[in-house]
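# A structural walkthrough
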Amino acid sequence: MAGKISSFASGLQGADGARAATVISTNTRVQTTRGFIGLVTDSVIFPATTGVWFLSNQRVTVNNTPTIGASVGVYPHPVPGSSGAMLGVESDSRVDAM
């Protein structure tokens, strides 16, 4: 089933409830009205920690790199030293992906 796609840092939330400050990504080409589409290779920067993804969309890629969506964005892997998982709590309402 199609889900919304991640495209802006403030739509991601850390285990401590803080929203992401920024995302470091190699995607500089494909964007929605809210920002560049999130990739599985992105590093997410929070005020107190960072995070990386381990699951992605199955069928939607940008330059052969899987994207991050609301349906899979709730399963990220925190960097060692942090506790809990980051969550995709808000996504682009105009873009759907699988």
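One can find the structure itself at the top, above this paragraph.
With that settled, consider the overall build of the protein. Counting its regular elements, the protein contains 0 helices and 12 strands. Starting at the N terminus and walking to the C terminus, you meet the elements of the protein as β-β-β-β-β-β-β-β-β-β-β-β. A total of 98 residues make up the protein; the buried ones form 38% of that total. Counted over contacts in the protein with a minimum sequence separation of 6, partners at least 24 positions apart contribute 59%. Accessible surface for the protein amounts to roughly 5,500 Å². Of this, 53% is attributable to carbon and sulfur atoms.

This part is about the nonpolar core. Core analysis: the biggest nonpolar cluster contains 9 residues, these being Ala9, Leu12, Ala20, Val40, Val44, Phe46, Trp53, Ile68 and Met86. Setting aside residues up to four positions removed in sequence, Leu12 forms contacts with Ser6, Ala18, Arg19, Ala20, Val23, Val44, Phe46, Trp53, Leu87 and Gly88.

Residue placement: Ser6 occurs in the loop between strand 1 (3-5) and strand 2 (12-13). For Ser6, a relative accessible area of 10% gives the class buried. Residues contacting Ser6, with those up to four places away along its chain left out, are Leu12, Phe36, Ile37, Gly38, Ile68, Gly69 and Ser91.

The rules behind the values
- Residues numbered from 1 in each chain as written.
- Predicted model: local features only at pLDDT ≥ 70, side-chain atom pairs only at ≥ 80, totals over all residues.
- Heavy atoms only, no water.
- Helix = DSSP H or I, 4+ residues; strand = E, 2+ residues; numbered from the N terminus.
- Buried < 20%, exposed > 50% of the residue type's maximum accessible area, 1.4 Å probe, protein only.
- Contact = heavy atoms within 4.5 Å.
- Areas by Shrake-Rupley, 256 points an atom, 1.4 Å probe, with all protein chains shown as cover.
- Core = buried A, V, L, I, M, F, W, Y, C linked by side-chain atoms within 4.5 Å.

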